[in-house]
Amino acid sequence: MEAVPRMPMVSFELKTSPEQTNFSALKQYIAEYYQEDPASYSKECYQLEQLRGNAVRPTRDVEGTATIRRYYCQLHSIQNRFLLGTVSEGQQMLTFHWKDLYAGCVLTKWNIKYEMAAVLHNFAALHTQLGAAESRSDPESMKKACTHFQCAAWAYGYVKDNYALLLQGDLSTELLIFMQALCLAQAQECIMEKSLCDNRKSGIIAKVTAQIVSYYNSALAALLTQNGDDGRLQDIVGSKQFKEWRRYVRFKISYLSCILLLYQGQQSEEQQKMGERVALYQASFDKLEEARKESKGLAQ
């Protein structure tokens, strides 16, 4: 395992909400539609406001992800009980403010589904930070990092698939596709490291690594979109961030392709296919040189 260094993982930032949401506005709905005393729900509204505050500024640990999850579940309950699924109804009660991560502007939304999308985005982003913070120096840490990236990939995918009509800016579909693919790649990379630690067979390691390369290729395709290097994502996140991600993904593709070819070569050697082995080892060396060139300028 020492011959294959553990490469740093990419994490993503959490969105911020510069203003609180006043859930006391729900009391009017309670009075009109449920014919109950709205004053008796003051405590619950206050607790919701406190929960939202903790969820949009979570502690950077597993408990923080649990807080975000609790708030997201509460939003689901509110949506079902108060029929806030449409913008027109939401405009009468709740207002949500979110700052775009890259444009810097503050968006004011009345649709509770946008709030749910933003919260789930933060759930994913926090998991990427926790995954990237793992040392991966032992099997348990590798498993934790893998789980964090898998959770992040699921959440980004869920936002993309279930809130598509609301997505824009730092919640754009193109960006979510990239983030999901990158998280899947990083989760699979943890599995590869665990396989190396366990001294798995060359064929197994090659298959695991091939899947990683496939995920990184998907991430690169999402970055470039249909317009090449001047794709839409560059307009959203800015040239500097776009180029950092592009350089990182290209490096990972070259570096992991080197590992893939190395273990394919070992598999050929085990099968006594000596000519094929030589070709694969040479191709692995070429990919290593390519990765070395790609690594120049990468953030440390």
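Before any of the text, the structure's been laid out above.
Along every chain, residues carry numbers that run from 1 in the direction the sequence is written. This being a predicted model, a pLDDT of at least 70 is required before a residue's local features are given, and a value of 80 or more before pairs of side-chain atoms are given or counted; all residues contribute to the totals for chains, interfaces and linings. Only heavy atoms go into the side-chain values, all of them from the structure, while hydrogens and water stay out.

Asks: Help me understand the environment of Trp154, please; the structure alone is not making it clear to me.
Replies: Only DSSP runs of H or I with at least four residues qualify as helices, and only runs of E with at least two residues qualify as strands; both kinds are numbered from the N terminus onward. Along the chain, the position of Trp154 falls in helix H6 (residues 139-162). For Trp154 and Ala124, which are 30 residues apart along the polypeptide, the C-alpha to C-alpha distance reads 7.9 Å. In this structure Trp154 touches Leu120 and Phe123, once residues within four positions along its chain are discounted. Any two residues whose heavy atoms approach within 4.5 Å are treated as being in contact.

Asks: Before we go on, may I ask you to explain helix H3 (residues 62-82) in this structure?
Replies: Note: α-helices contain 3.6 residues per turn, so residues at a spacing of three or four share the same orientation. The end-to-end C-alpha distance of H3, which contains 21 residues, comes to 30 Å, matching closely the 30 Å that a straight helix rising 1.5 Å per residue would cover. A simple rule labels every residue: compare its accessible area, found with a 1.4 Å probe on the protein chains alone, to the largest value its type can have, and call it buried under 20%, exposed over 50%, or partly exposed in between. Gly64, Thr65, Ala66, Thr67, Ile68, Tyr71, Tyr72, Leu75, Ile78, Gln79 and Phe82 are the residues of H3 that are buried. Whenever a nitrogen or oxygen atom comes within 3.5 Å of another N or O atom, the pair is scored as a polar contact, on the condition that within protein one atom can donate a hydrogen and the other can accept it, and that pairs from neighbouring residues in sequence are kept only if both atoms are in side chains. If you check the start of H3, you find a side-chain oxygen 3.2 Å away from the backbone N of Glu63, and it comes from Asp61. Multiply 1.5 Å by the residue count of a helix minus one, and that product is the helix's expected span.

Asks: What exactly am I supposed to notice about the packing of H6 against helix H7 (residues 173-197) here?
Replies: For any two helices packed against each other, the geometry is given by the interaxial angle and the distance between the axes. Between H6 and H7, whose axes approach to 8 Å, the crossing angle comes to 160 degrees. Comparing their axes, H7 and H6 come out roughly antiparallel. Two packed elements cross with a definite hand, and for H6 against H7 that hand is left-handed. Considering only residue class, the contact of H6 with H7 consists of 18 nonpolar, five polar and four charged. With axes taken as lines fitted to C-alpha atoms, and helix axes fitted only over the stretch in contact, angles between N-to-C directions fall between 0 and 180 degrees. Here roughly perpendicular refers to angles of 65 to 115 degrees, roughly parallel to angles under 35, roughly antiparallel to angles over 145, and oblique to all remaining angles. Two helices cross in a left-handed way if the nearer one is turned anticlockwise from the farther one by less than a right angle. They cross in a right-handed way if the turn is clockwise. Classes in brief: Ala, Val, Leu, Ile, Met, Phe, Trp, Tyr, Cys and Pro nonpolar; Asp, Glu, Lys and Arg charged; the others, Gly included, polar.

Asks: I tried to follow the pairing of strand S2 (residues 106-109) on my own but got confused; where do I start?
Replies: Within a regular strand, the side chains alternate between the two sheet faces. Covered by surrounding structure in S2 are Leu107 and Lys109 only, the residues Val106 and Thr108 on the alternate face being uncovered. Note on pairing: two strands pair once DSSP finds at least 2 bridges between them. Both strand S1 (residues 96-99) and S2 contribute to a ladder of four bridges, which runs antiparallel. Looking across to S2, one finds that His97 is bridged to Thr108. Taken together, S1 and the strand that follows it, S2, pair antiparallel across an intervening segment of six residues, in which Gly104 is found at a positive phi of about 80 degrees.

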